[in-house]
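# A closer look at the structure
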Amino acid sequence: MKMIRGYLSYEDMPRDLALFSLEKRRLQTDLIAAFQFPKRAYKNDGEGLFKRAVCDVLPLIINNPDVRLPASLLYKYLNKAAEFYINYVTRSTQTESQYQGSQDSSDIMSPSKRSSQKYVIDGLTEKSSQITDPWERLFKILSVVGMRCEWQMDKGRRSFGDILHRMKDLCRYISNFDSDAHAKYKNQVVYSTMLVFFKNAFQYVSNIQPSLFQGPNAPNQTPLVLLEDVSNIYGDTDIDRNKHIHKKRKLAEGREKTMSSDDEDPSGKARSRHITVNKADLANSIEVLESFKLARESWELLYSLESLDKEFTRICLSWKTETWLWLRIFLTDMIIYQGQYKKAISSLHHLAALQGSHSPQQITGQGSLENQRALIQLASCHFALGEYRQTCEKVLDLMCYILLPIQEGGKVQEEQPKVKSKFRKGSDLKLWPCTSRAIMPYCLHLLLACFKLRAFTDSRDDMALGHVVVLLQHEWPRGENLFLKAINKICQQGNFQYENFFNYVTNIDMLEEFAYLRTQEGGKIHLELLPNQAMLIKHHTVTRGITKGVKEDFRLAMERQVSRCGENLMVVLHRFCINEKILLLQTLA
């Protein structure tokens, strides 16, 4: 093109006048247009446009020192970029199922196998839809915006803990700044802390419930659920399994060593909370618990000042975070950690509503993994509040979903007792595997905790005491001391009635002890353990004498019961929970 002397081309003129080049002006126009797209862009045709704007155009604009942008526009760009990247990273398999079809319902034994097809943004190819290191890209945008807005920042890469510590320091004197500086540093604290919060909350949830985000290369990891630790339900006295040879005389001799009242306050509200997890269940447990800690501290900082609270709440409302299932899971666990159990129960009901809206096809089936997580957490919270009937109700509802694994030889393999750490009375939480094999023992612990508080009061309650005896068979002989306490109470009473005894008690040591109680040496305790024994006594009075017939029936029943000692104990206890649901709830009424 031949130039007229003294005039510049349209491309050179903006550069000569220190303005944007035409190409950059077009890029900025495209960026603004993309960010002004309706909020439904994520689910309609605008998602592809938004991806290109955030990933391709935005870095070119904010990294160019020649492009002068007001702080308000930079904050808008940062807000939109954060919304896009967080939605991209935390997209669930329910979102992907829009492209892949519906998923099968899952149960507590085996969460549904998520599709391995890669997530494809509508309007883009599969390759164009993939974003490498999205969190890295987002924090890079945060850093660039911070430098351009003249935030108080340290040079070099910093850990999330360092960022959070710096934001806490900044909050201490943020009120001393004038209005302009206050607004600037308020935005620094809000955006920096908010991104640390979402990153670490996502890191925590993606590890404890990987099926929510499971992609093509996700490991087959067991889901975990945060529960009150009730492993000290037997008291703090451990029994060496190898040295325990159970005989009735040994039990009789040991009666004077039974425990005093071992009822505990399970709330732990006034104590520091400590989360434990088995390394076998979560290999990177240290990192996951650190993520939970950072996310919790970030959340607390965002609500520590009214100005931060107001801005963070505004952003959450605009992003509709109340519909994010994964975030509700984290918030529920955080509330449980804080010991706010009534608030946690409300949050769990909110979570159930979210699950229904995300996957309605699972609610009508056997029950989703998420639904069963909510049931066991509800039971744990009710127990911490001392609401034992509600605890029992949730546990028994959950038992209907539990599928017992089939074991060769008819026995469920029992876990060996673990060495316990320093005894903390009701203050610990534990990340528990959310599988039938792990959850059923926890449910039995909760039931035992509820009934033992009722069984060992001053008033007599044979039904609760009988339930305790049945439940103590689990993990025997860990509950030996508690069983001896029950025997002591029966001896003090002089008699005991529990007609379900021969239906569910198959432990040979317990059978020997109850048989011993009827002997002269055992105190000749009157035991009514047979169904309808009162009717049998009336019958035998006429036929063979009041004692002879009953003794014979008891002896035959004991012989039959000994032959059942090889039965699968977990199947027996599961049947006990299912068949006696009404009776169990009535006992706690």
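Residues numbered from 1 in each chain as written. Predicted model: local features only at pLDDT ≥ 70, side-chain atom pairs only at ≥ 80, totals over all residues. Heavy atoms only, no water.

### Digging into the overall build of the protein chain
Inclusion rule: Helix and strand labels come from DSSP, where a helix needs a run of H or I of at least four residues and a strand needs a run of E of at least two; each type is numbered from the N terminus. When a residue's accessible area, from a 1.4 Å probe over protein chains only, is under 20% of the maximum for its type it is buried; when over 50% it is exposed; and in between it is partly exposed. The contact criterion used throughout is that any non-hydrogen atoms of two residues lie within 4.5 Å. The Shrake-Rupley method, run with a 1.4 Å probe, gives the accessible areas here. Residue values count only the displayed protein chains as cover.
Looking only at helices and strands, the protein chain features 26 helices and five strands. The proportion of buried residues among the 589 residues of the protein chain is 52%. Expressed as a percentage of contacts within the protein chain between residues at least 6 apart in sequence, the contacts between residues at least 24 apart total 79%. Looking at the protein chain as shown, the accessible area adds up to about 28700 Å², and 51% of this sits on carbon and sulfur atoms.

### Some words on the nonpolar core
Basically, it comes down to this: The criterion is simple. A nonpolar core is a set of buried Ala, Val, Leu, Ile, Met, Phe, Trp, Tyr and Cys residues joined through side-chain atoms within 4.5 Å.
By size, the foremost hydrophobic cluster in this structure holds 95 residues, and its most contacted members are Ile 86, Phe 197, Phe 198, Tyr 204, Trp 326 and Phe 330. The element best represented in this core is helix H9 (residues 179-208), accounting for 15 residues. Non-local contacts of Phe 330, meaning those with residues more than four positions away in its chain, are made with Phe 197, Ala 201, Tyr 204, Val 205, Phe 292, Ala 295 and Arg 296. Grouped together as the second largest cluster of nonpolar side chains are 71 residues, Leu 446, Leu 471, Leu 529 and Leu 569 included.

### Side note on the sheet that holds strand E2 (residues 274-277)
The condition is simple: Strand pairing is assigned whenever DSSP identifies at least 2 bridges connecting the two strands. Helix axes are fitted to C-alpha atoms over the stretch in contact, other axes to C-alpha atoms as well, and angles between N-to-C directions run from 0 to 180 degrees.
If you walk across this open sheet you meet the three strands as E1-E3-E2, and the pairing is mixed. Each having just a single partner strand, strand E1 (224-228) and E2 make up the two edges of the open sheet. Between one strand axis and the next, the sheet turns by 30° as a mean value, whatever way the strands run. Note: E1 against strand E3 (residues 428-433), five bridges, orientation antiparallel. Residue Val 225 lies in a different strand from E3, and its bridge partner there is Trp 432. Contacts between helix H18 (residues 436-455) and the sheet are confined to E1 and E3, with E3 contributing the most and set at about 140° to the helix.

### Some details on the confidence of the model for the protein chain
Regions with low pLDDT carry predicted coordinates that are not meant to be interpreted in detail. We apply this condition: What pLDDT reports is the predictor's confidence in each residue, on a scale of 0 through 100.
Residue-level pLDDT values for the protein chain average 77, and 70% of them are 70 or greater. Below a pLDDT of 50 lies the segment residues 1-5, which in the model reaches two contacts outside its immediate sequence neighbourhood of four places, other chains included. Counting interchain partners and residues more than four positions distant, the pLDDT-below-50 stretch residues 408-426 has 39 contacts.

### Topic: the packing of helix H4 (residues 71-89) against helix H12 (residues 306-319)
As a reminder of what qualifies: What sets the label is the angle itself: under 35 degrees gives roughly parallel, over 145 gives roughly antiparallel, 65 to 115 gives roughly perpendicular, and the rest give oblique. Handedness of a helix crossing follows the sense of rotation of the near helix relative to the far helix, less than a right angle counterclockwise being left-handed and clockwise being right-handed. All residues other than Ala, Val, Leu, Ile, Met, Phe, Trp, Tyr, Cys, Pro, Asp, Glu, Lys and Arg, Gly among them, are scored as polar; the first ten of these are nonpolar and the last four charged.
Two elements in contact, H4 and H12, have axes separated by 11 Å at closest approach and are oriented at 55°. One finds that H4 runs oblique with respect to H12. Between H4 and H12 lies a crossing of right-handed hand. Residues Asn 79, Ala 82, Glu 83 and Ile 86 of H4 lie in contact with H12, whose contacting residues are Arg 314, Ile 315, Ser 318 and Trp 319. Grouping the amino acids of the contact of H4 with H12 by side-chain chemistry returns four nonpolar, two polar and two charged.

### A few points about the environment of Tyr 77
Residue position: Tyr 77 is located in helix H4. With 65 residues separating them in the primary sequence, Tyr 77 and Leu 142 have C-alpha atoms 10.0 Å apart.

### Here's the deal with the pairing of E2
Side-chain alternation along E2 places Ile 275 and Val 277 on a buried face and His 274 and Thr 276 on a face that remains uncovered. Bridge count for E2 against E3 is four bridges, and the pairing is parallel. Bridging from a neighbouring strand, Thr 276 pairs with Lys 430 of E3.

### Quick look at the pattern of salt bridges
The condition is simple: Should a side-chain nitrogen of Lys or Arg be within 4 Å of a carboxyl oxygen of Asp or Glu, the pair is scored as a salt bridge.
The full count for this structure, using the stated rule, is twelve salt bridges. For the salt bridge of Arg 454 with Asp 461, the shortest nitrogen-to-oxygen distance reads 3.1 Å. Across the pair Arg 555 and Glu 559 runs a salt bridge whose closest N-O atoms are separated by 2.4 Å. Taken as a pair, Arg 555 and Glu 559 lie in helix H24 (residues 548-562) at a separation of four residues, close to a single helical turn. With relative accessibility at 44%, the residue Glu 559 sits in the partly exposed group. Overlapping salt bridges bring together Lys 168, Lys 293 and Glu 297 as one network.

### A few points about H12
Let me state the cut-off plainly: Given the number of residues in a helix, its expected span is that number minus one, multiplied by 1.5 Å. Along the arc lie the directions from the helix axis toward the C-beta atoms.
The end-to-end C-alpha distance of H12, which contains 14 residues, comes to 20 Å, matching closely the 20 Å that a straight helix rising 1.5 Å per residue would cover. Residues of H12 that are buried include every one of Leu 308, Glu 311, Phe 312, Ile 315, Cys 316 and Trp 319, and no others. Around the axis of H12, the buried residues are gathered within 135° of arc, so they sit on the same side. Counted as exposed and oriented over 90 degrees from the buried face of H12: Glu 306, Lys 310 and Leu 317. Summarising the contacts, the buried residues of H12 are in contact with H4, helix H8 (160-172), H9 and helix H11 (285-302). Of the residues flanking the end of H12, it is Lys 320, one or two places downstream, whose phi is positive at about 60°.

### Regarding the packing of aromatic side chains
Here is the rule we go by: Geometry of aromatic contacts follows a simple scheme: Phe, Tyr and Trp rings, the Trp one being its six-membered ring, pair when their centres are within 6.5 Å, and the pair is stacked under 30 degrees between planes, edge-to-face over 60, tilted otherwise. Note on geometry: a ring has a charge over it if NZ (lysine) or CZ (arginine) is within 6 Å of the ring centre and within 35 degrees of the ring normal.
Scanning the entire structure with this criterion turns up 37 aromatic pairs. For the pair Phe 177 and Tyr 185, a centre-to-centre distance of 4.7 Å together with 45° between the ring planes defines the contact as tilted. The exposure class of Tyr 185 is buried, given its relative accessible area of 9%. Geometrically, the ring pair formed by Phe 198 and Trp 326 is edge-to-face, given 6.5 Å between the ring centres and 65° between the ring planes. On the criterion of sequence distance, the pair formed by Phe 198 in helix H9 and Trp 326 in helix H13 (residues 325-337) is long-range, its members being 128 residues apart. The side chain of Arg 91 reaches across the aromatic face of Tyr 88, ending 4.3 Å from its centre. The ring of Phe 554 carries the charged tip of Arg 518 above its face, separated from the ring centre by 4.1 Å.

### Here we look at helix H16 (residues 369-384)
An ideal rise of 1.5 Å per residue puts 22 Å on 16 residues; H16 measures up with 23 Å between its terminal C-alpha atoms. Counted residue by residue, H16 has 15 buried out of 16 residues, so it is predominantly covered. A positive backbone phi angle near 80° is found at Gly 386, which sits one or two residues after H16.

### Details of the environment of Arg 314
Spelled out, the test is: Here a polar contact means two N or O atoms within 3.5 Å. Within protein one must be a hydrogen donor candidate and the other an acceptor candidate, and residues neighboring in sequence count only if both atoms are side-chain atoms.
Here Arg 314 shows up in helix H12. Under the relative-accessibility criterion, Arg 314 is labelled partly exposed at 43%. If sequence neighbours within four positions are ignored, Arg 314 has contacts with Asn 79 and Tyr 191. In terms of polar contacts, Arg 314 uses its side chain to reach the side chain of Glu 311, at 2.6 Å.

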